[in-house]
Structure formats: structure tokens, C-alpha cells
Amino acid sequence: MIPPKEFLRRIKPFSFLREEHLNALTGSLDVAMYGAGEVLFSKDEVCPFVFLVFSGLVGLYDGDELVDLVSKGEIFGLLSALHRTPSYYEARALEDTICYLIDAEAFEKVYQAHSAFASFFSTFIERRFRSFARLARQEESMQDGATTVLVESLVGKAPVTCAPGNSVREAVSIMDAHGVGSVVVVEGEKPVGILTNRDMRRVLVHGSPESFVKDFMSTPVITLDRQASVLEAYTTLLRTGIDHLVVMDRDRVYGVVTSKDVLAQMEPSSSILAIYRKVLKAVDLDELKSAFHAIRVAVSEMALKGVHFYQLSQMITSVYDTVVIRVLQKHTDPHEAKNFVWIHTGSSGRKEQILTTDQDSAIICGTAGPCLDAAEAVTHSLESVGIPRCPANYMASNPRWHLSFDQWKENFRQWFLEPTPDHVRYLTVFLDMRAVYGNGQLLGRLLNAIHESVTNQAVRFLAYDAALHEPPIGIFGIKHRDRGLDLKKYGIYPIANGIRVMILANRMLSVTNTRERIEALRDAGALGKDTAGDLLEAYAFLQDLRLRQQARAVKQGRSEANLIMADQLDKMDLLVLKESLKVVASFQKNLKARYGVDRGL
Amino acid sequence: MLLSEASFVSVDLETTGLDVRRDDIIAIALVPMDGLKIRVRHAYYTLVKPRKYRLQTMKYHGIDLESLQEAPPFEEIAQDLLARCQGILLGHCVHIDYQFLRRAFKAAGIRFERDLVDIAEVEKWIGQKTSHRPNCDELSLDALIRRYGLKEHYRHHALADAFFAAQIFQIQMTRHGIPDVHHLLNQLRNQKVCDTPFLF
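Residues numbered from 1 in each chain as written. Chains lettered and ligands numbered in written order. Predicted model: local features only at pLDDT ≥ 70, side-chain atom pairs only at ≥ 80, totals over all residues.

A separate point is the overall build of chain A. Across its full length, chain A carries 24 helices and 20 strands. A burial count over chain A gives 44% of its 601 residues as buried. Looking at chain A alone, contacts between residues at least 24 apart form 72% of all its contacts between residues at least 6 apart. (Helix = DSSP H or I, 4+ residues; strand = E, 2+ residues; numbered from the N terminus. Buried ≥ 20, exposed ≤ 12 C-beta atoms within 10 Å, placed from the backbone. Contact = placed C-beta atoms within 7 Å.)

Below, the structure is given as C-alpha cells:
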């Protein structure tokens, strides 16, 4: 009945609360107004309330430094109030501001009593943004199912097994007895292969009913833990292109799922697998083109359904690479393949392209290789398939990036020696090189050569570049709240670029994906565990946010924008966005200190 | 006295009609304020059993007859109400609520006298200071709620209206930096805006 309760009810995480808890909060609440300039509480004071902004704008200050801005629907003073510790900042009203003041004790009681409500704050404090986002999208992901349903739920039958030494005849009678289309071949408990109806065709031609199972089974088997999500099963099917997955319970075979079982769970994302098959079977460019268009639509759907960036980018990279490989096969002689390597650079090199794909490619030619004309033909074909040319012309069809191994090696040597702005830009693009087609050893050798020619000077320049664009405080600034924030410039690039610097300094360039790079740096001890965790969370969140934004644009037929507006975000996203940008800012500080950027270039 | 040291109670009543002599109170909502801080925690709402019923009004308020018959009569809660109505009475066209309350208290043998602050009058006074003369329509509670950017969640519930009146008063005082209670009360004596059309 009383309006503050209705206000709370509409704001996450208060919206998770039951009536009695909402009543408990409104029953210990005051509404206060502060004129512009007024101090709400001072630094080192224990905050007596949890503040929730109803209207206006509050600045949080550490001395004279503005640390954060909070506006309508946002909370502050929480840590100090809950832990009864002195606040580490001062809160000052920057406009006339109305706040709800919730007694710390009442807040704490509700916090203790309600797990979803509490995990909202605790995941936040611990910066586990992904579980946070899961919490926020609880209902949506329920609908989608794929990310929450476990693969074990698809297993309908106890496993049907036979031994490698059984005859095919025996295997078939086992299959018939159980009414299944496949039998897992086990040695002891360990699965060593799988014999399916499909394999029978080969038995028919090359064998007899008395042949050994081990001679005709498909091997190795692809296994998945029973606790894996259906989505993982799906991406595994995509990656491997097979039809049967063996589901494991620790070391024991738990059952078998087929691509059909998985697909039934995956509407509408099943369309991606269908499209992927279409790509594989396409006989001409028109078919590839229609498949490529269809995939953008399907991906947008999935992004809006709450499928995460990491999972989607994995799928898309598989499809995108396959398209490129198909086109390359069309335009090059198969014998040539060991004489060159086709490389993707930039975000495609990092396996991070999703909706905004363009051609970032290069070529390393060995003793021989496709001529420039062939590369141009590939580029042209890809363009007609629907992958636009790289506007900056970082493409294999450009003579500058169509080079022999020695020429590439020399390029990097020169870029490292003279890190001019142009060279820093080239390094930013070409240090994310991933082999897509051809002889991967050429790239491996080049990476070794790069590792040997890195200079400290170049690392410092790259670190400087990565730390150049500091995210604005309070995201939308005081004056420019209507202007929006460039997620790519202030969030995604600083992390991707900064991580690249560290990967370079640690000579680990063969890892190209930012997430894998962070994990590799963490495992090598180059990044602290907590920092790595924060970065992984922040990067995943920023990419997710950008992906959803782009997906919405694709769906509405708008051009894709990197600008994100405050009013398009729900409070939860805004809160996490702010925290993610704090992670970015502290990472930049860290980079500058580590590589001596502060001392000047 | 400083505004920040004064106590206010924002009040809103539902009645069976507009005639103070004939009609009865059927619901009372109180939202107290310490200075300009709204004490939502002490907000109070009760139905009151009337002596007679007018079905039409009740339909309008959405209060059903059965709940009213179970509600306490005014006499029964008079002492509690008196204790809750400390300080200056605040409301939208609070004069009318005040008259209903006075009469009900009187019937219960209690003398009830309070200073009044009508937020419509405050608005008119502020208008004069800023040389904007609001007309009657602009002074309705709905119009004030809109002007001060407060969403209408649940209108025509006494508790919501009492809360909105408190919040409007809070904004009026903060924005215009009025520090002193007596200054405010004196100014308001010259403003007479509240006629019956504002009641709903």
C-alpha cells in the first residue's frame, strides 16, 4: 500500500523478496532528502543505514577524488552498514537527492533470511559477476533450459556395452536386445570406442558378421561428464561433428546421448547445428551466403535468450572458420596447403567475433603459396558470402600482409625496435594470430621468432597504449549521462590489449583467446588468482553486455552500436558494469606500474 | 523553531462524504515526520467503523462493508490516535481532514488542536515567490504528484496519499530552503486555496 514498498518491489534484488521481507524493510525505513552539496555521511563514519537512491545523484568521494556516482535505484553504504566498519568514502549529494534509509539491522535480517537476496550482494562483493548475471536472468535461463539442463537428464537408458573382442554379430544382437542404435565398446570400464548403425555400412562392405568390433568401431569416443550442461554437449557436437556422445559418471559409462537428443533440447539454437551442416555441404557461394546470414539471426536469438558470450563465440568461431576453409579450398590447390598458412588476426584471431565479423586475415607463405590473385579471390568470395572486408585492409589480399616467413619475421623485429604509433597498431592487430588453414607450423615458427625479438621498449609502449583510455568514473560522468558509454573502447579493449601485453612479455603468444590467455597467465603465476578472477568476470560480463546490445540491434534491423546508454540498462546490469569498469581501471594501473609506463616513455 | 526540529504528521482520511456534520471517517492514514525525514517505519493505517454507511462512497474508496463492520469505532482508538498525531498536521487540503478529526475527537470527549500545513497552500505560496500563480487544477494532489516527479503507484488509498503529501512537503521545503516553522505557518495564513474540489 505504501509507495516505498512498491518502489522496492520493482528494483532488483528487492524484487526477489517475499511480502513479509518487503514489509520488514519498509517497516524500518525513513525517507530523507538532501540538498545539492549536502554530505550524507563522512569518511570513517560507520554508516547507520543502507542507502537507496529514490531520485537525484550522489557522489562517493575518497578525499577530493570522485570514486563513484550513484543514482536512482542504486544502493550505497552497504558494506559499512552491514559490517559496522567505517566507510572508506564520503557520500555527498550532487543534486537534490531523495534517499530511502533502511536500518542496517533490518537489512541484515532479511539478508540472512533470503538466500537469493544475499547472494546478490555477496557475489557482488566477491565479484563473481557471472553467477550474478545468472541470478538476474534466473527466469529467462529457466526458459532457455540449455544452460541449466544437465546432460544426464537426456540419458534414458542404462549403458549398452560390449567388448572390443566381441564379433559384430554379437554386438548387433546386444543392440537389438536393448533396442538401441549404438553400443559402447569398453575395456574393463573404460570406453574405447562406439559402434553405431552407421559403422555397419563399412562392415557390410569391408567385413563380415564375424569381424571384431574393434576393427569397425568409431574411435576415440567423445565423452562428457553427466553434470555437463546440454549446451556443452551441443558445442561438443558442433566441434567434433559426430552424432554420439558417451556420458560418463566419473570413470564409468553412464549412457549415450545422440545429436537428436541434444537438439530436441536446443530449439531454437538447434538451427545453428543445422546451419553448420549446411555450411559443410554447401556447393556454391550462394548456399554459403544464405547459411551465413541465417547464422547471424540464430545467434542473435540465442544471445537474447541469455546464452553467454564464451559459449556463443566458440560456436561462431567454428562456423566462421569452416566458411573460410570452404572458400579457401575452392580457390587453392590442396597440394599447396602445406606451403602456406592462412591466418586470422584481431578479434577473429582471438576467437571473439560474434555478430560483427569482418575479414581480418594474413598469410604466411612458405617456399611457395597461393599468389596474391588467389588471396584476392578468397577475399572477394568471403565478401560475397557476407563477411565484409576489413576497413583498415588488414587482409591477406593486401600485399603488405601477404608475406613470406622471413618478411614477417623482419616486420616484427622492426616493429619491436621502433614502436612508432603505426607499429604499435600493427602489433595490436598481428599479435593475435591464429592459424585457420594450411601449415600451422609456419605460424608456430613465426611466434618463436617473435618471442625472441620482443623488446622491453615495445612492451612498455603497448602497455601505455592499453592503459590510455581510462573508463570514466561513475560510467556516465556527471554531465554526460545522456551520451552513453563506449563498451569496446573503455571496457573490452583495455582488457584484451592489456592481457596481450602480458602474454607478449611472458612469451605465450600461441594462446590467442583473451579468456584462455588470462587463465594461462594465472596458471603461469604471472597474474594473481584474484586479479585473474576479477578480469575473467569483468571481461565475460562486458562481452555479454555488448553481445546482447548487438543482438537487439540485429533483431531490430538497426546498425550495430558500441555505445551503451544508462537508461537501456536495468539496475543490476548498471551495477555490474560499474564494478567491471573498476576492475578495468585497476588493471590499467597495475599494467602501468608493472611495465614502468608511469616513468614516461 | 527550526523546521528540522519540528514534528509533522501527514494525514489522509477516507470519509463517507464531504459534510463534516453528517459524514463519518471510515479510514485514517498517518505518516509521521521528524523534521523533514519521513518515518515510513511509523506509518499507520486503520479502518474506522462509521456510525452510518453510505454505500456509494464506499464503492468509490474500494472499502468493503464487511471490513468496516469489523473495524474499531473511533472512540476506541482515539487515545492512540491522539498520541500518534504529535506536532503539526500536514496534508493536501488538510483543513477538511482536520475538521473531521476535531469533530470525531470531540465526540470522544477529547479536545484536539493542531497547527496545519496544507501542501496546496505551500505550493501557492512558493508560486508567489517564484511569480508563478498556480491555478486550482495545478494544485490538485494528482497534479502535485506529477510535478514533483513522484509516480502514482496506488492512488486513492489513504496511506499512499498521506505518504505522497509528506514527500511533496519534503521536496517543497528542501528546494526552497525554508528553515523556520513559524515563518512557514505565518506565510500560510495568507493563503486560502482549499475548497472542496481538491478533496479527491
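That covers the picture; the talk isn't over yet.
Before going further, it helps to spend a moment on the overall build of chain B. A tally of regular secondary structure across chain B gives eight helices and six strands. Moving toward the C terminus, one meets the helices and strands of chain B in the order β-β-β-β-α-α-α-β-α-β-α-α-α-α. When each of the 200 residues of chain B is scored for burial, the buried share is 37%.

Further remarks concern the interface of chain A and chain B. Many descriptions give the size of an interface as the accessible area lost when the pieces come together. Opposite the 16 residues of chain A that make contact, chain B presents 21 residues. Breaking the side of chain A that touches chain B down by element, the ones donating at least two residues are helix H1 (3-9) and strand S1 (29-34) of chain A. The leading source of residues in the side of chain A that touches chain B is S1(A), at five residues. Within the side of chain A that touches chain B, the residues separate by chemical class into eight nonpolar, five polar and three charged. (Nonpolar A, V, L, I, M, F, W, Y, C, P; charged D, E, K, R; others polar.)

Moving on, we get to helix H21 (residues 487-505) of chain A. Residue and element names in this part refer to chain A. Over its 19 residues, H21 extends 26 Å from the first C-alpha to the last, a length consistent with the 27 Å expected when each residue adds 1.5 Å. A maximum bend of about 40° is found in H21 at Tyr493, where proline Pro494 lies one to four positions downstream. Of all 19 residues in H21, 14 are buried; the element is thus mostly enclosed. Looking one or two places after H21, you find Arg507, whose phi comes out positive at around 55°. (Expected span 1.5 Å × (residues − 1). Bend = angle between axes of the 7 residues up to and from the residue.)

For the rest of this paragraph, the subject is the pairing of strand S14 (residues 252-258) of chain A. Sheet analysis places strand S13 (residues 244-249) of chain A next to S14(A), joined by six bridges and oriented antiparallel. Its bridge partner lying in S14(A), Val246(A) is registered against Val256(A). (Pairing = 2+ DSSP bridges.)

Here chain A averages 84 in pLDDT, while 90% of its residues score no lower than 70. Within the model, pLDDT remains below 50 along residues 138-144 of chain A, and this stretch shows nine contacts once partners closer than five positions in the same chain are excluded. (pLDDT = per-residue confidence, 0-100.)

So, on to the packing of helix H10 (residues 230-240) of chain A against helix H14 (residues 309-331) of chain A. Residue and element names in this part refer to chain A. In contact at an axis separation of 10 Å, H10 and H14 are set at 15° when each is read in the N-to-C sense. When the interaxial angle is binned, H10 and H14 end up roughly parallel. As H10 runs across H14, the sense of the crossing is left-handed. Residues Leu231, Thr235, Leu238 and Arg239 of H10 form the contact with H14, whose participating residues are Gln311, Gln314, Met315 and Ser318. Here the residues of the contact of H10 with H14 sort into three nonpolar, four polar and one charged. (Axes fitted to C-alpha atoms, helices over the stretch in contact; angles between N-to-C directions. Parallel < 35°, antiparallel > 145°, perpendicular 65-115°, else oblique. Left-handed = near helix turned anticlockwise from the far one by under 90°.)

Another point: the sheet that holds strand S12 (residues 223-225) of chain A. Residues and elements named next belong to chain A. Strand order in the open sheet formed by three strands is S12-S13-S14, and the pairing between neighbours is mixed. On the outer flanks of this sheet lie S12 and S14, each paired with one strand and no other. On average, adjacent strands in this sheet sit at an angle of 35° to one another, irrespective of strand direction.

One open sheet accounts for three strands, arranged S9-S10-S11 (chain A); its pairing is mixed. Each having just a single partner strand, strand S9 (161-162) and strand S11 (190-196) of chain A make up the two edges of the open sheet.

Our focus in this paragraph is the pairing of strand S16 (residues 361-365) of chain A. Residue and element names in this part refer to chain A. For S16, the buried fraction is high: five of the five residues fall into the buried class. Across the two faces of S16 the burial is the same, with Ser361, Ile363 and Cys365 and Ala362 and Ile364 all buried. One ladder, built from five bridges, connects strand S15 (residues 340-344) with S16; its direction is antiparallel. Along S16, the bridge assignment pairs Phe340 with Cys365.

Next up on the list: the packing of helix H13 (residues 285-304) of chain A against helix H16 (residues 372-385) of chain A. Residues and elements named next belong to chain A. Running from N to C, H13 and H16 cross one another at 50°; their axes reach a closest spacing of 8 Å. One finds that H13 runs oblique with respect to H16. When H13 is examined against H16, the residues Leu285, Leu288, Lys289 and Phe292 are found in contact with a partner set consisting of Ser381, Ser384 and Val385. Here the residues of the contact of H13 with H16 sort into four nonpolar, two polar and one charged.

Across soluble globular proteins, nonpolar side chains show a tendency to be buried alongside one another. Counting 134 residues, the largest nonpolar core has Leu312(A), Ile343(A), Ile364(A) and Ala463(A) as its most contacted members. Both domain 2 (155-265) and domain 3 (298-599) of chain A contribute no fewer than three residues apiece to this core. Counting 93 residues, the second largest nonpolar core, distinct from the first, contains Ala32(A), Leu60(A), Leu13(B) and Val94(B). (Core = buried A, V, L, I, M, F, W, Y, C linked by C-beta atoms within 7 Å. Domains from an automatic or database assignment.)

A cis amide bond links Thr219(A) with the next residue in sequence, Pro220(A), at an omega value of -5°. Among the secondary structure elements, Pro220(A) is positioned in the loop between helix H9 (197-206) and S12.

Let us now look at the environment of Ser384(A). Residues and elements named next belong to chain A. Structurally, the position occupied by Ser384 is in helix H16. According to the C-beta neighbour criterion, Ser384 is partly exposed, with 13 such atoms within 10 Å. Between the C-alpha atoms of Ser384 and Asp286, which are 98 residues apart in sequence, the distance is 8.3 Å. When sequence neighbours within four positions are dropped, the list of residues in contact with Ser384 reads Leu285 and Lys289.

With that out of the way, let us pick up the environment of Thr512(A). Residue and element names in this part refer to chain A. Considering the arrangement of structural elements, one finds Thr512 in the loop between H21 and helix H22 (514-523). Through-space distance from the C-alpha of Thr512 to that of Glu352 is 9.7 Å; in sequence the pair is 160 residues apart. Apart from the residues within four sequence positions on either side, Thr512 is in contact with Gly349, Arg350, Lys351, Asp432 and Arg434.

Residue and element names in this part refer to chain B. The predicted model of chain B averages 86 in pLDDT, with 89% of residues at 70 or higher. In the predicted structure, residues 195-200 sits below a pLDDT of 50 and forms 10 contacts with residues beyond four places in sequence or in another chain. What the predictor reports for the complex is a pTM of 0.63 with an ipTM of 0.88.

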